[in-house]
Amino acid sequence: MPPKLTLDRVKCSYHRPEGETVALTNISFTVSPGEFLAIIGPSGCGKSTLLSLICGLLSPDEGTILLDDSPIQSPGQQGRIGYMLQKDHLFEWRTILSNTFLGPELLHTLTPSAKKEISDMLATYGLGAFQHSRPSELSGGMRQRAALIRTLALKPELLLLDEPFSALDYQTRLSVCDDISAIIRNAGKTAILVTHDLSEAISIADRIIVLTRRPGRIKTIVPIHFSAESSSENSQAVRPLERRNLPEFSHYFNLLWKELQSDE
């Protein structure tokens, strides 16, 4: 099966009057359809820059980025890429339902069937009773679920998540990570998560890319496999919260911790 996303020898620099700063260099990897990839690395290594490149908000100095077989030439590639940020950025003057309608409204695709599909998603993921509420009336976790549904309303083929749980308290973060992972996997989406949290990456990802300090390079790629998943009828039956209690979890945590520490 051909990859959904391909990066080949990508380099990106920031240009300022005082000179050039290389953020990323020689970045090459692929992402398979339906795969959940996580990216970790030291602060300032270019993780968020990498998502901006994939989304088309920045252009690489060198190398190519392909979605399927097409170069990424415009932000979001006309709705094919969804980008979920650290903050939910819901508009307070809109209800939760009208917030989730925003993307299709802008693309002029908000048909009656699209409205019903979005409303059904809100009901499925526990927000049906709150669709006419304002964002300030919802908890942080509920707002993040609403933000994800707003992103999914555009039916993107690739989801980019830039530390989407970082603003939540620890207990809510665990629960929302579990919920959002299930939503993305049930929708069959290809996803890339940037995070500083090793436990979060291990609990949610199929593979983890470790970047070096700036300029960011790929130091290693670690496939994540839990024996409980291979013995299940559904290979994705083990949810993030359950993964944290499996024996392989501590092995991966120690492995990734050593990779990050060796780069200090």
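Residues numbered from 1 in each chain as written. Predicted model: local features only at pLDDT ≥ 70, side-chain atom pairs only at ≥ 80, totals over all residues. Heavy atoms only, no water.

1. Details of the overall build of the protein
Reasoning step 1: Secondary structure assignment for the protein yields 10 helices and 10 strands.
Reasoning step 2: Taking 18 Å as the expected radius of gyration for a compact globule of 264 residues, we find that the protein reaches 19 Å, a close match to that expectation.
Reasoning step 3: In terms of principal-axis extent, the alpha carbons of the protein reach across some 50 × 50 × 35 Å.
Reasoning step 4: Across the 264 residues of the protein, 52% fall into the buried class.
Reasoning step 5: Counting every atom, the protein has about 12500 Å² of accessible surface; 51% of that belongs to carbon and sulfur.
Reasoning step 6: For the protein, the separation between the mean place of its 27 positive charges and that of its 30 negative charges on side chains is 3 Å. (Helix = DSSP H or I, 4+ residues; strand = E, 2+ residues; numbered from the N terminus. Rg over C-alpha atoms; globule rule 2.2 N^0.38 Å. Buried < 20%, exposed > 50% of the residue type's maximum accessible area, 1.4 Å probe, protein only. Areas by Shrake-Rupley, 256 points an atom, 1.4 Å probe, with all protein chains shown as cover. Lys, Arg positive; Asp, Glu negative; His and termini not counted. Charge placed at Lys NZ, Arg CZ, Asp CG, Glu CD.)

2. What to know about the pattern of salt bridges
Reasoning step 1: Under the counting rule described, the total for this entry stands at 17 salt bridges.
Reasoning step 2: Residue Glu105 is joined to Arg94 by a salt bridge in which the shortest nitrogen-to-oxygen separation is 2.9 Å. Of the two residues, Glu105 sits in helix H3 (residues 102-106) while Arg94 sits in the loop between strand S6 (81-84) and helix H2 (96-100), which places them 11 residues apart along the sequence.
Reasoning step 3: The partner of Asp206 in a salt bridge is Arg185, and the shortest N-O contact between them spans 3.3 Å. (Salt bridge = Lys/Arg side-chain N within 4 Å of Asp/Glu carboxyl O.)

3. Side note on the packing of aromatic side chains
Reasoning step 1: Counted by the stated rule, this structure contains 2 aromatic pairs.
Reasoning step 2: Summarising the aromatic geometry, the rings of Phe91 and Trp93 are spaced 4.7 Å apart at their centres and angled 20° between planes, so their arrangement reads as stacked.
Reasoning step 3: For Phe91, a relative accessible area of 29% puts it in the partly exposed group. (Phe/Tyr/Trp six-rings, centres within 6.5 Å; stacked < 30°, edge-to-face > 60°.)

4. Re the sheet that holds strand S8 (residues 190-194)
Reasoning step 1: Reading across the sheet, the 6 strands line up as S6-S7-S8-S3-S9-S10 and stay open at both edges, with mixed pairing between neighbours. Only two strands of the sheet have a single neighbouring strand rather than two, namely S6 and strand S10 (218-223). Pairs of neighbouring strands in the sheet enclose a mean axial angle of 15°, with direction left out of account.
Reasoning step 2: Docked against the sheet, helix H1 (residues 47-55) engages strand S3 (36-40), S6, strand S7 (158-162), S8 and strand S9 (207-211), running at close to 155° with respect to S7. (Pairing = 2+ DSSP bridges. Axes fitted to C-alpha atoms, helices over the stretch in contact; angles between N-to-C directions. Contact = heavy atoms within 4.5 Å.)

5. Quick notes on helix H10 (residues 247-261)
In an α-helix, one turn spans 3.6 residues; hence positions three or four apart end up facing the same way.
Reasoning step 1: Spanning 15 residues, H10 covers 22 Å between terminal C-alpha atoms, matching the ideal 21 Å at 1.5 Å per step.
Reasoning step 2: Among all positions of H10, only Glu248, Phe249, Tyr252, Leu256 and Leu260 are buried. For H10, the angular spread of the buried residues around the axis is 105°, confining them to a single face. Turned more than 90 degrees away from the buried face of H10, the exposed residues are Pro247 and Lys258. (Expected span 1.5 Å × (residues − 1). Arc of directions from axis to C-beta.)

6. Some remarks on the sheet that holds strand S4 (residues 62-67)
Reasoning step 1: An order of S2-S1-S4-S5 is seen for the 4 strands of this open sheet, with the pairing classed as antiparallel. In this open sheet, the two strands that pair with only one neighbour each are strand S2 (19-31) and strand S5 (70-71).
Reasoning step 2: Judged from the 5 bridges that link them, strand S1 (residues 5-16) and S4 form a sheet pairing that is antiparallel. Residue Lys11 lies in a different strand from S4, and its bridge partner there is Glu62.

7. Topic: the pairing of S3
Reasoning step 1: Counting buried positions over the 5 residues of S3 gives 5, a clear majority of the element.
Reasoning step 2: Here S3 shows no split at all, with Phe36, Ala38 and Ile40 on one side and Leu37 and Ile39 on the other all buried.
Reasoning step 3: Pairing between S3 and S8: 4 bridges, direction parallel. Along S8, the bridge assignment pairs Leu37 with Ile192.
Reasoning step 4: Alignment of S3 against S9, held across 4 bridges, turns out to be parallel. Within S9, the position partnered with Leu37 by the bridge is Arg207.

Function cannot be inferred from these measures alone, as they are strictly geometric.
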